[in-house]
Amino acid sequence: MGSTLRQTALHERHRQAGAKLVPFAGWDMPLHYGSQLDEHRRVREHAGVFDVSHMTVVDITGPHALSFLRRLVANDPQRLVHAGQAMYCCMLNDSGGIIDDLIIYFLSEGRYRTVVNAATRERDLEWMQRQAADFDLRIRERTDAAMLAVQGPRAETLLGECVDGLTARRLAEMKPFHGMELGDWLVARTGYTGEDGFEIILPARQAGDLWDHLLEAEVVPCGLGARDSLRLEAGLCLYGQDMDEHTSPLATSLGWTVAWTPEERDFIGRQALAEERRRGPEETLLGLVLHSRGMLRRDVVIHTADGGQGRVTSGGFSPTLGRSIALARLPAGTQGTATALLRGGETSVQVVKPPFVRQGRILIDAGL
Amino acid sequence: MSEVPSDLRYTATHEWARLEEDGTVTVGITDHAQESLGDLVFVETPAVDSIVQAGEGCAVVESVKAASDIYAPVDGVIVDSNSRLTEEPELVNGDPYGEGWIMRIRPEDPDSLEELMDGDDYEHMITEEEEPD
């Protein structure tokens, strides 16, 4: 079974750290190293490190790199002006559906780096290649790269202990969604947990040393389980669950990632999206909090107070709130309380606007 | 490899059962079961005095991954359930054969325990489960 799964450069270290390894998007990845709840809490209170080397790193370079990306994604990469700056984007199809969500890093003029999902790798690369036909540029997947995410309130200090003094000072000065190239490393203040932290893309052969140093600095190794519950609390969408090629950014509470100006920028999906915007999207992604014990899980059906219906796109246990939370696709404008059909029967849920938790603080008022 | 104490009896649905000196049977889930479920977040224990039949779902454990019914291993009456699990479901993960016990049953027939698997059989079963194909 394991022979067909890809392994990251840190695979042996995960084993040594006692990871429970599970297949994920074709990779053999750590789910947790003992307790996913502990890992979650350590990231909220301290700092954790995630091996996210399964993510697909793609460099786009050449004279037309910017004009290509401005066509490819719904956000506008021209707004990236500082070297190392990052932007969250949706890559759309002609009908405005989301092919994938990605981060674009501006490295220097004519040099961009994108990070796309592992599960959509082949489709994304194929789509990019197809759209690039008339542009003078090079698309290169960085299979030589590893990626670590160091997340949590102590991330700046503890990652700082693993790098030289000058780099540590630069980390401390780095603003959110900014980054910089340091030799063949790219370090940026980004993440997927709702906490402060950094993501580091570096040559795979150097990943082991950084991992070892981080663990020596008492950064806690964390698996995909905690990564999922942290991003859910932070109200961050997961591709394939909360959105897919049949849902648009407007129907996924990702309208903020669509750059409508300048009006002449003709990104793929713009026309369909503009029409949906005129009509007003019929549905949206909202948060749910379960009042009682039990668990909101994917595909649980939700009935709204005014007779509408929706379903949970991703749900689970929130360690910070001590109860179940979810993201759900619901009729636009849904608020108040709704009903979930759970194992135990009809159960009341509170409709809230995500995020639930950011930077260790509970942000929703659900009668807790 | 999960721990399988040899002095307990086991079900195919991953409960363990121990005959106590007072004739009651203590029931919990196995180390293998808690490991596959991952961190438990809720445990619903059965009401005392309820009558249960072997194979009947009478408790529920819910983990970060899935909800799972706990089946009575023998016919009998529930005489006690572990109320600590309401606040500390993690006891099941940390000590599945000790503080993480779930319920105690007064069996209709104490010999019915003999029909359950012994440690060797259970270990054999989970080893086969873990191996692909």
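Residues numbered from 1 in each chain as written. Chains lettered and ligands numbered in written order. Predicted model: local features only at pLDDT ≥ 70, side-chain atom pairs only at ≥ 80, totals over all residues. Heavy atoms only, no water.

Chemist: I tried to follow the domain arrangement of chain A on my own but got confused; where do I start?
Modeler: Buried accessible area, meaning the area lost when the parts come together, often serves as the stated size of an interface. Residues and elements named next belong to chain A. Each assigned domain of chain A is listed with its residue range as follows: domain 1 (2–53 + 144–233) and domain 2 (282–368). For domain 1 and domain 2, the distance between their C-alpha centroids amounts to 29 Å. Between domain 1 and domain 2, the residue contacts involve 11 residues of the former and 17 residues of the latter. Overall, the association of domain 1 and domain 2 removes approximately 1,000 Å² of surface from exposure, summing both partners, and the carbon and sulfur fraction of that is 57%. Among the residues of domain 1 in contact with domain 2, Gly194, Leu232 and Glu233 are the three that bury the most area, contributing 56% of the side total. Linking domain 1 with domain 2 are zero salt bridges, by the criterion used here. Applying the counting rule to domain 1 against domain 2 returns eight residue pairs in polar contact (both at pLDDT 80 or more). Looking at the side of domain 1 that touches domain 2, the elements that each hand over two or more residues are α2 (36–45) and α8 (224–233). Split into classes, the residues belonging to the side of domain 1 that touches domain 2 amount to two nonpolar, three polar and six charged. (Domains from an automatic or database assignment. Contact = heavy atoms within 4.5 Å. Buried area = accessible area lost by both parts, 1.4 Å probe. Salt bridge = Lys/Arg side-chain N within 4 Å of Asp/Glu carboxyl O. Polar contact = N/O pair within 3.5 Å; in protein donor to acceptor, adjacent residues only side chain to side chain. Helix = DSSP H or I, 4+ residues; strand = E, 2+ residues; numbered from the N terminus. Nonpolar A, V, L, I, M, F, W, Y, C, P; charged D, E, K, R; others polar.)

Chemist: What am I meant to see in empty space enclosed by the protein here?
Modeler: To find leftover empty space, one rolls a probe the size of a water molecule over the atoms. All names here are of chain A. All told, the structure shown has two cavities of 30 Å³ or more when counted by the stated rule. Here the largest cavity defines a volume of roughly 40 Å³. Looking at the largest cavity, the residues that line it are Leu159, Val163, Thr167, Leu171, Leu182, Trp185, Val187 and Ile200. Contributions of two or more residues to the lining of the largest cavity are made by α6 (165–173) and β11 (185–188). Of the residues that constitute the lining of the largest cavity, the class distribution is seven nonpolar, one polar and no charged. (1 Å grid on protein atoms, 1.4 Å probe; cavity = no way out; pocket = protein on both sides within 12 Å on 5 of 7 lines; lining within 4 Å. Points joined across faces, edges and corners; volume = space filled by probe spheres on them.)

Chemist: Looking at this structure, how should I read the interface of chain B and chain A?
Modeler: Listed as interface residues are 16 residues of chain B and, on the opposing side, 13 residues of chain A. Summing the contributions of chain B and of chain A, the shared interface buries around 1,300 Å²; its carbon and sulfur component is 53%. By the criterion of area lost to chain A, the three top residues of chain B are Asp39, Phe42 and Val64 of chain B, representing 44% of everything that side buries. Put simply, Arg297 of chain A and Glu62 of chain B hold a salt bridge, and the shortest N to O gap is 3.0 Å. Those elements that place two or more of their residues in the side of chain B that touches chain A are β4 (40–44), β6 (57–63) and β7 (67–71) of chain B. When grouped by side-chain class, the residues that make up the side of chain B that touches chain A number nine nonpolar, two polar and five charged.

Chemist: Sorry, what's going on with the nonpolar core here?
Modeler: One recurring pattern in soluble globular proteins is that nonpolar side chains are buried together. Residues and elements named next belong to chain A. Counting residues in each nonpolar core, the largest one holds 45 residues, and the members touching the most others are Phe50, Tyr105, Ile201 and Phe356. Taken together, domain 1 (2–53 + 144–233) and domain 2 (282–368) each give at least three residues to this core, which thus spans both. Those residues in contact with Ile201 that sit more than four places away from it in its chain are Val57, Tyr105, Arg113, Val115, Ala145, Ala146, Met147, Asp184, Trp185 and Leu186. Counting residues in hydrophobic clusters, the runner-up holds 27 residues, among them Val163, Trp185, Ile200 and Trp211. (Core = buried A, V, L, I, M, F, W, Y, C linked by side-chain atoms within 4.5 Å. Buried < 20%, exposed > 50% of the residue type's maximum accessible area, 1.4 Å probe, protein only.)

Chemist: What should I look at first to understand the layout of surface pockets in this one?
Modeler: All names here are of chain B. Computed from the structure, the second largest pocket encloses a volume of approximately 330 Å³. Secondary structure elements with two or more residues in the lining of the second largest pocket: β4 and β6. By residue number, the principal contributor to the lining of the second largest pocket is β4, which donates three residues. Of the residues that constitute the lining of the second largest pocket, the class distribution is seven nonpolar, three polar and five charged.

Chemist: Which parts of the structure should I look at to understand a negative patch on the surface?
Modeler: There is a patch of like negative charges on the surface, built from Asp75, Glu108, Asp109, Asp111 and Glu115 of chain B. A relative accessible area of 55% means that Asp111 of chain B is categorised as exposed. (Patch = residues over 30% accessible without salt bridge, like charges linked within 9 Å, V, L, I, M, F, W, Y side chains within 5 Å. Areas by Shrake-Rupley, 256 points an atom, 1.4 Å probe, with all protein chains shown as cover. Lys, Arg positive; Asp, Glu negative; His and termini not counted. Charge placed at Lys NZ, Arg CZ, Asp CG, Glu CD.)

Chemist: Looking at this model, I keep getting lost on unusual backbone geometry. Mind explaining?
Modeler: Glycine aside, a negative phi is what most residues show, and trans is what most peptide bonds show. Cis geometry is found at the peptide bond from Thr261 of chain A to Pro262 of chain A, where omega equals -5 degrees. Tracing the backbone shows Pro262 of chain A in the loop between α8 and α9 (270–279). Cis peptide bonds are those with omega within 30 degrees of zero, and the linkage from Pro354 of chain A to Pro355 of chain A qualifies with 5 degrees. Along the chain, the position of Pro355 of chain A falls in the loop between β19 (345–352) and β20 (357–358). With a phi close to 80 degrees, Asp299 of chain A is a non-glycine residue in the positive phi region. The residue Asp299 of chain A is located in the loop between β14 (283–290) and β15 (301–304) in this model. A positive phi angle, close to 85 degrees, is found at Asp49 of chain B, a residue other than glycine. Secondary-structure assignment places Asp49 of chain B in the loop between β4 and β5 (51–52).

Chemist: Quick question: what am I supposed to make of the pairing of β11 of chain A here?
Modeler: All names here are of chain A. Residue alternation in β11 divides its side chains into two sets, Trp185 and Val187 and Leu186 and Ala188, and both sets are buried. Inspection of the sheet shows strand β10 (residues 179–182) paired to β11 by four bridges, in the antiparallel sense. Within the sheet, the bridge partner assigned to Glu181 lies in β11 and is Leu186. Relative to strand β12 (residues 197–203), β11 runs antiparallel, the two being bridged by three bridges. Each residue of the ladder has a partner; that of Ala188, found in β12, is Glu199. (Pairing = 2+ DSSP bridges.)

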